[in-house]
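For reference, the chains in residue letters:
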Amino acid sequence: MTKYLYYPGCSLETNARAYYISLMAICEPLGLDLEEIHDWNCCGATEYVGISLTPAYALISRNLALAAKQANGTRTVVAPCSACYLNLAKADYYMRESPKLGEKVNKALAAGDLHYTPGSLDVRHLLDVIVHDVGLDAVRRAVVRPLSGLRVAPYLGCMVPRPDYEHRWSNPEYPNELDQVLKALGAEVIDFPLKTHCCGGHMTQIGPPVAYELIRRLIHAASEYQADLMATLCPMCQLNIDAYQGEMNHFFGTYYHMPILFFTQLMGLAFGKEPQELGIGKELVDSRLALARIGVEVPEAEAAPAPRRPRKAKEGLPMPRMPEEKELIR
Amino acid sequence: MTEHEHFEPVIIGFTCNWCSYRAADLAGTARMKYPPNIRLIRLMCSGRLDPTFVLKALSAGADGVMITGCHPGECHYIEQNYKAMRRYQLLKRTLTQMGIEPQRVKLVWASAAEGARLTEEITKLVEEVRALGPLQWPTSLNGHGARPAVETTGAVVSAKEVAA
Amino acid sequence: MTSPANLPEERIGVYVCHCGSNIAGTVDVEDVAQWAAGRLKHRGVVIARDYKFMCSSLGQEMIEKDIKELGLTRVVVAACSPHLHENTFRTACKRAGLNPYLCELVSIREQVSWVHTDKVAATEKSKAVVSGGVERVLWHEPLEPLRVPIHPATLIVGGGIAGIQAALEIADGGSPVYIVEREPSIGGHMAQFDKTFPTLDCAACILTPRMVSVGTHPNITMLTWSEVTKVDGYVGNFTVTVCKKARYVNTDLCNGCAVCQDKCPKKIVDEVFEAGLGYRKAIYTPFAQAVPKFPVIDRENCTYFQKGTCRACEKFCPTGAIDFNQQDETITLQVGNIILATGYDLFDPRRIPHYGYGRLANVFTSLEFERLSNAAGPTNGKIVLRDGVTEPKSVGIIHCVGSRDRNYNNYCSVICCMQGLKFAHLVKERTGATVFNFYIDMRTAAKAYDEFYQRVLEEGTLFIRGRVAEVTDAARLHGEEGKLIIQVEDTLASKQRRIPVDMVILSAGLQPRRDAKAVAKLFGISCSADGWYIEKHPKLDPVATMTEGIFIAGCVQGPKDIPSTVVQGAAAAARVLGRIQQKEIALEPVRASINQDRCSGCRICNNLCPYSAILFHEDRMVSEVNPALCQGCGTCVAACPAGAISGTGFSNEQILAQLEGLLMLNLDGDGRMPVKVREAVAI
C-alpha cells in the first residue's frame with residue numbers, strides 16, 4: 001500500500017457521493033492508502049479566486065498547510081475533484097512563482113498558527129496517481145470483470161489537464177491517460193474529440209442557455225460516436241451532464257439519453273465490485289441500460305470472437321501508423 | 001561583514017576554444033550581460049587544464065575559478081573533457097584538504113550555442129563567490145597572513161599528482 | 001613575476017581598437033592605451049595606441065609602420081575575438097617582417113564591451129585583459145604553420161539535392177567524389193515532391209537529370225544503401241569506414257528490369273518514400289527513376305528471410321542477379337574533405353493530437369500531400385480523400401504545424417508558407433475545391449515568392465490569419481456533419497470561426513534528423529540546441545564547420561528551400577575544390593612535443609591521447625609525439641608529471657603568464673585590483 005494525503009473536497013461528500021464511495025471501494029485493489037487531511041476546508045471552487053486573490057489563496061493554502069503538518073511518510077496530496085486539484089496546484093505554483101503572494105498568504109495563515117512553504121508538497125490528481133504511480137499494469141491485473149463491449153466516451157473536462165504546471169500529462173490539449181485507464185479495464189474507448197472541452201461549469205446558474213449549448217455539444221458528440229456512456233473524473237462535469245441533461249433536452253426539444261459515471265465507478269465494476277458498492281444508481285440519467293450490455297451480474301462475459309478486420313477497399317490509402325500506447329504515456 | 005558588501009570577487013575562467021570560448025563570443029554578439037568580475041583564458045580543450053593553473057589562480061589573487069568545456073560526449077577532441085571532469089573531482093578534494101571552499105571552483109559544460117547558459121553560470125558563480133567572501137588562505141600556511149607565494153611551475157606537487 | 005630571459009630586449013606594441021563605438025562606447029580605450037604605455041613599460045611595452053578601426057588598412061599599416069620604425073618584437077591587439085581577426089593582424093605582422101605568431105589578439109569586445117554595462121568596470125577589465133595579453137605574448141615563440149597535404153577525394157554524406165549538387169560540382173572540377181546514401185536511391189526529399197514553388201516546375205523533371213549525371217559521372221562513386229560507421233584522421237587525410245548493407249542483388253548482373261518487384265508477393269506500406277501513403281514490395285526500388293536502378297531486398301519484410309520459402313524474385317529474375325547469401329560489406333575510403341548533406345525529418349504531427357493526424361482519416365501531412373499530388377504517387381496525382389476515390393470539395397491548409405510554437409519548435413521552418421501556397425494552387429487547379437490557408441504570418445521573402453502569393457490570392461484561395469485551435473469531427477452546427485471542422489480565431493476579424501472542410505493538410509515543420517546528434521558526434525562537429533549543425537560563422541562561413549575539413553550543406557544546417565539548398569551544395573563544393581587546388585592546407589601549429597631528456601617514461605600520457613599520437617620507444621624508455629596525428633588538445637601537457645611535454649601556442653608559461661597578467665601581478669606596488677577592497681579584507 002502506498003500512502004497519500006487525501007483531500008476529498010465538498011463535492012465528494014454531497015453531490016458526488018458516488019465518486020467518494022467508488023474511490024474508497026477501489027483503494028484496496030489499487031494499493032492506495034489515502035489518509036484524509038484532518039480539518040480540511042472548502043477549496044473555494046471556481047468563484048472565490050475571481051473575487052479576491054489573497055483570501056482565496058489563503059483558503060486553499062490552509063489545506064496545504066494542514067497537509068504539510070500532517071505529512072508522515074509522504075508529501076503527495078491527492079485530490080479526486082478537478083476543481084480542488086486545480087486550486088491546490090495553482091496555489092502551490094503561484095506561491096512558488098511569486099514570493100510576495102507567498103508572504104501575504106502566510107501572513108493570513110499565521111492567524112491560525114499555520115504556515116505553508118510553497119513546493120513542499122506534490123499536489124496531484126487521482127488519475128495522475130493511478131496512471132503514473134499505480135500503473136496500468138497493476139490496473140489490468142486487478143480486473144476480474146472486463147468491460148468488454150461497453151463503449152465509453154472518456155471526458156476530462158477542462159480543469160485537470162490544463163494548465164499542467166508540472167507537465168504530468170501526455171498532452172495538455174488532448175491527454176490520453178483516461179483513455180488508457182478505461183482501455184485497461186477492457187472497455188471500448190472512443191476517441192472522444194471533446195474530451196477536454198468545457199461542460200459549462202457554473203454557467204448553468206448564470207446563463208443557462210450557454211451552459212445547455214455546451215452540454216448539448218458534449219452529449220451530441222458522445223452519441224454520434226455511439227457511446228453507451230461517458231466516464232469522467234470531475235464532479236462538476238458529472239453534475240452538469242447528469243443533472244442538467246433533462247433541462248437541456250427540454251430546452252432544445254431533443255431526446256438524448258447519455259449516462260455519465262465516474263471512472264472510479266467503472267474501475268470498481270471491472271474489479272468485480274457490485275454496483276451498489278460503487279454508488280451506481282445514484283445518477284439521474286439511468287445507466288442501467290448501458291451497463292446491462294456488459295451484464296454486470298454475470299461474473300465474466302464470454303470473450304467475443306475478435307472482429308474480422310474488414311478488407312480495405314482496393315483503392316484506399318493506408319492510415320498513418322500511430323505509436324504504441326506505451327510510447328505516449330510518459 | 002561590511003567589507004563583503006563592497007567585495008567584488010575576481011574570477012578566472014578557463015575556456016575551451018571550441019565550445020565555451022565561442023559561447024562567450026556568442027554571448028557578446030547577442031549582447032547578453034554578465035558581471036565584469038570574470039576574466040577568461042582560452043585553452044584548446046578543457047583537457048589542457050592543468051590543476052596547477054587553478055591553484056595558481058587562487059594563490060595569485062583570484063577568488064574563484066570557472067572551468068568550462070564541451071558537454072560530455074561532445075568534446076572536439078573526442079573524450080578529453082572526461083579527463084577534465086576526473087581532474088576536477090580530485091581537485092575539489094585537494095582544495096578541501098587545503099582549507100579552501102571547493103565551491104570556489106566550478107566546472108561548467110557549455111556548447112558553442114549556449115551563450116545564454118554560460119552567461120547564467122557566470123552570473124551564478126560570481127554571486128556564489130561573493131557570498132563566500134574573499135578567498136582567505138589558511139594562515140597556517142605561512143603565519144603572516146600574506147598570500148603564500150606559489151611558484152609558477154611545479155611548486156604544488158600534489159596538484160601534479162592530481163593531473164595524472 | 002616570472003619573465004622570459006630575454007625580457008629586456010623585447011619591444012612590445014599594444015594596439016587598442018575602438019571598433020567604432022562597439023568597444024569605445026563602453027570602454028575608455030584611450031585610458032586603456034595610456035595605462036598600458038605607462039604601467040606596463042617595465043614589461044617591455046614601448047608603444048600603446050588606440051585607433052578607430054584597427055582592422056582597417058590604415059590600422060594595419062600603423063602596426064606595420066611601428067614594427068619597422070620602432071623595431072617591435074611582439075604585438076598585442078586588444079579588439080574583437082581572435083576567431084574573427086586573429087589572421088588579419090598576424091598577416092599584418094608578417095608583412096612587416098615579424099613572425100605572425102608573435103602577435104596576440106585579446107578580446108575586449110565580445111568579452112568586455114558587449115557583455116558589460118558599467119564603463120568603469122569594463123575599462124578596468126580591459127586593462128587586465130591587455131595586461132594578460134602582454135604577459136602571454138612575452139612567451140610566444142616564432143612558429144611556422146603546419147602544412148598538411150590534401151587528399152583529392154571528397155566524401156559526401158547524403159544523396160539529396162544538396163549532396164547531388166556538391167557531388168556534381170566537385171566531380172566536374174575533376175576530383176573524385178564518393179557519395180554515401182542510406183536509402184536504396186539518391187534523390188532525397190526532393191524526389192518525393194510533385195511541383196516546386198514558385199515556378200511550379202515538376203520536381204522529378206529537374207531533379208532526375210542531375211541524378212542520372214551523378215550515376216554516370218566517371219568521377220563519382222555512388223554508395224547507396226550504405227552508412228558511414230567510423231571517421232578517423234583529420235583534414236586532408238580522413239579515413240572513413242562505410243558499411244555497405246547487403247542488397248541481396250548482384251549489381252553486376254541486374255539490369256533493372258523490375259520483374260522481381262512485379263512478382264514479389266509481399267506488399268508493405270512504404271513509410272519512407274511514399275511517406276506512409278503508398279505501398280512497395282519487399283524487393284524494391286523506391287521509385288521508377290531511382291539511381292542506381294538496382295533494387296534492394298528489405299530483409300525484415302521478405303517472406304524468404306522470415307519464413308524460409310518463397311524466392312519468387314530469384315525464380316523470375318532473367319539474369320540470375322538475386323543473391324540471398326550477400327553479406328554486409330565494410331569499405332574503407334581515403335578522403336581529404338567531407339561534406340555532410342544529410343537533410344531533415346518532417347515534424348511528426350502526431351505530437352499535436354488535437355490536430356487529429358493519425359486519428360482523423362482525412363488529415364494529411366505535407367509530405368503525404370506531396371505524394372498524393374504527385375503524378376507518380378499512389379493515386380497517380382489524383383487529389384482524393386483517404387478512401388481513395390472522393391475528391392474533396394473544401395480543403396484547409398494549416399501553416400506552422402510544430403514550428404514557431406514554444407511547445408514544439410521555436411524556429412520558423414522557412415518553407416511551409418510557400419509550400420502551403422503551392423498546395424493551395426494545386427488543389428484549386430486539380431479539384432476546383434475551396435481552399436483555406438490558416439497562417440500566423442505569411443513569409444514569402446525570396447525572388448518571385450511574393451508574386452506567387454499574389455497569384456494564389458487572385459486564384460481565390462481564402463486566407464485566415466490565426467493559429468488553429470483544433471481539428472475535430474465533432475459536428476456542432478448545421479452543415480458540419482461528416483466534415484472536419486477547423487476551429488480558429490480569425491485574428492483579423494477578431495472572431496472565433498469554425499470552418500468545415502473535407503480535407504486538412506498540415507504544413508508540418510522541418511526537424512533535424514532523428515540521429516543528427518549521433519552523426520555529429522561521428523564526424524566531430526557540433527549541433528545547436530535545436531539539433532541543426534553549427535556553421536563556422538552564421539553569415540560569413542555558412543558551409544564550413546568548426547572542424548577543419550568537414551563542411552555542411554542544405555537543411556542539415558537549418559531549414560531552407562531548394563534554391564538555398566542548391567546554393568549551399570555548390571558553396572561547399574567550391575570550398576572543397578579550393579582546398580584540393582591548393583594541394584595542402586596550413587594549420588595552426590598547435591601541437592604537443594616531448595622533451596626527451598625530461599621524459600621519465602612513465603607512459604601516463606600514452607593512454608590519454610585520443611588519437612594514439614604518442615609513441616613509446618621501448619629501447620630508450622621515452623615517449624614521443626607524432627606531430628602528424630597530434631591535434632593539439634594539450635591533455636598530455638597537463639598530465640605529464642615531469643613537465644616534459646610542452647604545447648606550442650598554449651604552453652604552461654604562456655597560460656600562467658597570462659593568468660598573472662590578468663590578475664595584475666605584473667604591476668609595481670599597489671597595482672593589484674581592486675586595491676581598496678583587497679587591503680580591507682587582508683587577514
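Refer to the structure printed above.
Heads up: these notes are all about the structure in this document. (Residues numbered from 1 in each chain as written. Chains lettered and ligands numbered in written order. Predicted model: local features only at pLDDT ≥ 70, side-chain atom pairs only at ≥ 80, totals over all residues. Heavy atoms only, no water.)

### Points about the overall build of chain A
Of regular secondary structure, chain A possesses 15 helices and 8 strands. Radius of gyration (C-alpha) of chain A: 21 Å, near the 20 Å computed for a compact globule of 330 residues. Taken along the three principal axes of its C-alpha coordinates, chain A extends 70 × 45 × 45 Å. For chain A, with 330 residues in total, the buried portion stands at 55%. (Helix = DSSP H or I, 4+ residues; strand = E, 2+ residues; numbered from the N terminus. Rg over C-alpha atoms; globule rule 2.2 N^0.38 Å. Buried < 20%, exposed > 50% of the residue type's maximum accessible area, 1.4 Å probe, protein only.)

### Quick word on the packing of aromatic side chains
With the rule as written, the count across this model stands at 24 aromatic pairs over all chains. Where Tyr453 of chain C meets Phe463 of chain C, the ring centres are 5.5 Å apart and the plane angle is 70 degrees; that geometry is what we call edge-to-face. In this pair, Tyr453 of chain C is assigned in helix α14 (residues 449-458) and Phe463 of chain C in strand β23 (residues 462-465), connecting sequence segments 10 residues apart. In this structure Phe463 of chain C comes out as buried when scored by relative accessible area, which is 18%. One aromatic cluster is present, formed by Tyr57, Tyr93, Tyr94 and Tyr165 of chain A through successive ring pairs. In this structure, Arg136 of chain C is placed above the aromatic ring of Phe650 of chain C, and the distance from its NZ or CZ to the ring centre is 4.9 Å. When the ring centre of Phe364 of chain C is taken as reference, the NZ or CZ atom of Arg386 of chain C above it lies at 4.3 Å. (Phe/Tyr/Trp six-rings, centres within 6.5 Å; stacked < 30°, edge-to-face > 60°. Lys NZ or Arg CZ within 6 Å of the ring centre and 35° of its normal.)

### Concerning the state of the cysteines
Tallied over the full model, the rule gives 1 disulfide over all chains. In this model Cys202 of chain C forms its disulfide with Cys205 of chain C; the gap between the sulfur atoms is 2.4 Å. Around the S-S axis, the bridge from Cys202 of chain C to Cys205 of chain C shows a dihedral of about 90 degrees and counts as right-handed. By relative accessible area, Cys202 of chain C is classed as partly exposed at 22%. No disulfide involves Cys198 of chain A; its nearest neighbouring cysteine sulfur is the one of Cys158 of chain A, lying 4.7 Å away. (Disulfide = S-S within 2.5 Å.)

### A word on the arrangement of the chains
Take the 2 pairs of chains in contact: the one carrying the most contacts is chains B and C. Contact between chain A and chain B is absent, and the least distance between their C-alpha atoms amounts to 19 Å. (Contact = heavy atoms within 4.5 Å.)

### Details of the sheet that holds strand β2 (residues 45-51) of chain C
Residue and element names in this part refer to chain C. Read across the open sheet, the 4 strands follow the order β2-β1-β3-β4; overall the sheet is parallel. Of all strands in the sheet, those bounded by a partner on one side alone are β2 and β4 (103-107). Sheet twist, expressed as the mean angle between neighbouring strand axes with direction ignored, is 15 degrees. By the bridge criterion, 5 bridges tie strand β1 (residues 12-17) to strand β3 (residues 74-79) in an arrangement that is parallel. Paired with Ile12 across the strands is Arg74, a residue of β3. Helix α3 (residues 57-70) rests against β1, β2 and β3 of the sheet, and its axis sits at about 165 degrees to β2. (Pairing = 2+ DSSP bridges. Axes fitted to C-alpha atoms, helices over the stretch in contact; angles between N-to-C directions.)

### A few points about unusual backbone geometry
Residues and elements named next belong to chain C. Of note, the amide linkage connecting Phe197 to Pro198 takes the cis form, showing an omega dihedral of -10 degrees. Counting through the fold element by element, Pro198 comes out in the loop between β8 (195-196) and β9 (201-202). In this model, Val291 is joined to Pro292 through a cis peptide bond whose omega is 0 degrees. Note that Pro292 resides in the loop between β15 (283-284) and β16 (296-297).

### Details of the interface of chain C and chain B
Counting residues at the interface gives 57 residues for chain C, matched by 63 residues for chain B. Note that Glu660 of chain C and Lys56 of chain B form a salt bridge whose closest N and O atoms lie 2.7 Å from each other. Connecting chain C to chain B are 18 residue pairs in polar contact (both at pLDDT 80 or more). For the side of chain C that touches chain B, the elements supplying multiple residues, two or more each, are α4 (82-95), α5 (109-113), α6 (119-138), α17 (604-608), α18 (635-639), α19 (652-662) and α20 (675-681) of chain C. Ranked by residues supplied to the side of chain C that touches chain B, first place goes to α19 of chain C with 7 residues. Of the residues in the side of chain C that touches chain B, the class split is 32 nonpolar, 18 polar and 7 charged. (Salt bridge = Lys/Arg side-chain N within 4 Å of Asp/Glu carboxyl O. Polar contact = N/O pair within 3.5 Å; in protein donor to acceptor, adjacent residues only side chain to side chain. Nonpolar A, V, L, I, M, F, W, Y, C, P; charged D, E, K, R; others polar.)

### Details of the pairing of strand β18 (residues 337-340) of chain C
Residue and element names in this part refer to chain C. Burial of β18 is two-sided: the residues Asn337 and Ile339 facing one way and the residues Ile338 and Leu340 facing the other way are all buried. In terms of strand pairing, strand β6 (residues 154-157) meets β18 through 4 bridges, oriented parallel. Residue pairing in the sheet places Val157 in a bridge with Leu340 of β18. Summarising the sheet, β18 and strand β29 (residues 550-552) pair through 3 bridges and their orientation is parallel. The partner of Leu340 across the bridge, within β29, is Ile552.

### Overview of the interface of chain A and chain C
The interface is formed by 22 residues belonging to chain A together with 32 residues belonging to chain C. Both faces combined, the contact of chain A with chain C buries some 2200 Å², and carbon together with sulfur accounts for 57% of it. Of all residues in chain A, Leu317, Pro318 and Met319 of chain A give up the largest surface area on contact with chain C, accounting jointly for 28% of the area buried on that side. Remark: the boundary between chain A and chain C carries 1 salt bridge. A salt bridge links Asp191 of chain A to Arg359 of chain C; the shortest N-O distance between them is 2.8 Å. Connecting chain A to chain C are 9 residue pairs in polar contact (both at pLDDT 80 or more). Here the side of chain A that touches chain C is built from residues that sort into 11 nonpolar, 4 polar and 7 charged. (Buried area = accessible area lost by both parts, 1.4 Å probe.)

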